[in-house]
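Given next are the chains, with one letter for each unit.
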Amino acid sequence: MSLGRTFKGAWEGLTLNKVRSFLTTLGVIIGVAAVIIMLAVSAGAEAEIADQINSLGANLVMVMPARSRGGFGPGSGPPPGLAYDDIGAISEEVTRINGVSAEQSTSQDLKAGNTTLEDISVVGTTAGFPDVRDYTVALGRFLTEEDNDRKNKVVALGSEIAAELFGDAASALGQKVKIGSTQFTVVGIMDEKGVVGTTDYDGRLYIPLTVYFKKFSNARFGGDSVRLIYVSAENRETMG
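So, here's what we can say about the structure.

1. Section: the overall build of the protein chain
- Counting its regular elements, the protein chain contains 8 helices and 13 strands.
- Taken across its 240 residues, the protein chain has 32% of its residues classed as buried.
- Partitioning the contacts of the protein chain with sequence separation of at least 6, the portion at a separation of at least 24 is 71%.
- For the protein chain, the exposed area adds up to about 14,600 Å²; of that, 54% sits on carbon and sulfur atoms.

Below, the structure written as structure tokens:
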């Protein structure tokens with residue numbers, strides 16, 4: 001049978017069974033559209049998950065203390081944990097990293113002038129925090145190593161906190177705020193970062209980790225112990 005007669009027979013079949021032809025065509029259209037939509041949704045979800053992971057920090061490695069397999073025997077004591085000095089040791093001894101930091105957090109009331117904000121997340125951290133957590137400063141500066149060494153009572157405010165306390169973020173620099181019962185000087189305003197996972201970065205404030213230990217640390221965790229240290233690797237290959 002010639003190709004022309006084949007097409008002619010097919011066309012006659014379509015025209016003689018219009019309803020069946022329409023339903024078949026409609027089924028094909030719906031099937032193709034469904035596949036395209038599923039692929040688009042999958043790609044969008046994958047991109048959103050990747051963005052969420054990247055927002056945690058570039059090439060982030062989390063360092064935690066080793067667990068004791070044998071438990072706590074008589075005289076054995078708890079397994080060794082991580083201390084503040086370990087942050088500096090990792091920074092000096094480990095190569096091919098962009099930064100090292102740690103954070104301890106609690107909730108305190110925050111007051112500036114006649115404005116009081118309740119149960120604000122107070123984060124004690126170190127100078128490497130912006131690099132490790134991919135977080136930039138909008139105005140002023142972040143905490144420095146000197147701030148931690150000297151236990152300076154300085155604070156960097158999340159953008160939302162700065163707006164609630166002072167309206168104009170620029171006017172917040174140099175102002176005094178009271179965290180709990182301790183007064184701090186505002187040295188920086190962080191850029192907007194939003195919510196990552198369950199953490200609202202814009203609704204937090206950041207103080208030197210050594211000051212956190214002195215003023216807000218829970219005694220049962222030890223004077224300078226940290227539960228987690230963050231390390232930012234140069235690239236994904238380094239992490240392997």
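2. As for helix α6 (residues 159-166)
- Along α6, the residues classified as buried are Ser159, Ile161, Ala162, Leu165 and Phe166. Looking straight down α6, one finds its buried side chains confined to an arc of 160°; they lie on one side.
- Elements in contact with the buried residues of α6: β3 (97-112), β4 (115-125), β6 (154-157), β7 (176-179), β8 (182-190) and β11 (204-208).
- Of the residues one or two after α6, Gly167 is the one with positive phi, at around 75°.

3. Considerations on helix α3 (residues 84-93)
- When we look at burial in α3, the residues that qualify are Tyr84, Ile87 and Ile90. Down the axis of α3, the buried side of the element spans an arc of 120°, and every buried residue falls inside it. What points out from α3, more than 90 degrees from its buried face, is the exposed set Asp85, Glu92 and Glu93.
- Residues of α3 that are buried make contact with β2 (82-83), β3, α5 (145-150), α7 (209-215) and β13 (229-233).

4. Concerning the packing of aromatic side chains
- Summed over all chains, the structure comprises 8 aromatic pairs.
- Summarising the aromatic geometry, the rings of Phe129 and Phe142 are spaced 5.9 Å apart at their centres and angled 15° between planes, so their arrangement reads as stacked. Of the two residues, Phe129 sits in helix α4 (residues 129-132) while Phe142 sits in the loop between β5 (137-140) and α5, which places them 13 residues apart along the sequence. With respect to burial, Phe129 and Phe142 carry one shared label: buried.

5. Quick word on the pattern of salt bridges
- Taken as a whole, this structure holds 4 salt bridges when the rule is applied.
- One salt bridge connects Glu103 with Arg133, and the closest N-O pair in it is separated by 3.0 Å. Note that Glu103 is positioned in strand β3 and Arg133 in the loop between α4 and β5, a separation of 30 residues in sequence. By the burial criterion, Glu103 is buried, and Arg133 matches it.
- Glu146 is paired through a salt bridge with Arg150; the nearest N and O atoms lie 3.2 Å apart. With Glu146 and Arg150 both in helix α5 and 4 residues apart, the pair spans about one turn of that helix.
- On the basis of relative accessibility, which here comes to 42%, the residue Glu146 falls in the partly exposed class.
- Connected through shared salt-bridge partners, Glu103, Arg133 and Arg204 make up one network.

6. Quick word on the side chain of Thr210
- Turning to its location among the elements, Thr210 is positioned in helix α7.
- Residue class for Thr210 comes out buried when judged on its relative accessible area of 8%.
- Among the polar contacts made by the side chain of Thr210, one reaches the main-chain carbonyl oxygen of Asn148 at a distance of 2.8 Å.
- With sequence-adjacent residues up to four places away left out, Thr210 is seen in contact with Tyr84, Asp147, Asn148 and Lys151.

7. Some thoughts on a negative patch on the surface
- A surface patch of negative charge is lined by Glu92, Glu93, Glu145 and Asp149.
- Elements that contribute at least two residues to the negative patch include exactly α3 and α5.
- Counting through the fold element by element, Glu145 comes out in helix α5.

8. What to know about the pairing of β6
- Every second residue of β6 is oriented toward a common face, with Val154 and Ala156 on one face and Val155 and Leu157 on the other, all of them buried.
- Pairing between β6 and β8: 4 bridges, direction parallel. Note on β8: the bridge partner recorded for Val155 is Val186.
- For β6 and β11, the ladder comprises 2 bridges, and the chain directions are antiparallel. In the strand pairing of β11, Ala156 is matched with Tyr206.

Criteria and thresholds
- Residues numbered from 1 in each chain as written.
- Predicted model: local features only at pLDDT ≥ 70, side-chain atom pairs only at ≥ 80, totals over all residues.
- Heavy atoms only, no water.
- Helix = DSSP H or I, 4+ residues; strand = E, 2+ residues; numbered from the N terminus.
- Buried < 20%, exposed > 50% of the residue type's maximum accessible area, 1.4 Å probe, protein only.
- Contact = heavy atoms within 4.5 Å.
- Areas by Shrake-Rupley, 256 points an atom, 1.4 Å probe, with all protein chains shown as cover.
- Arc of directions from axis to C-beta.
- Phe/Tyr/Trp six-rings, centres within 6.5 Å; stacked < 30°, edge-to-face > 60°.
- Salt bridge = Lys/Arg side-chain N within 4 Å of Asp/Glu carboxyl O.
- Polar contact = N/O pair within 3.5 Å; in protein donor to acceptor, adjacent residues only side chain to side chain.
- Patch = residues over 30% accessible without salt bridge, like charges linked within 9 Å, V, L, I, M, F, W, Y side chains within 5 Å.
- Lys, Arg positive; Asp, Glu negative; His and termini not counted.
- Charge placed at Lys NZ, Arg CZ, Asp CG, Glu CD.
- Pairing = 2+ DSSP bridges.

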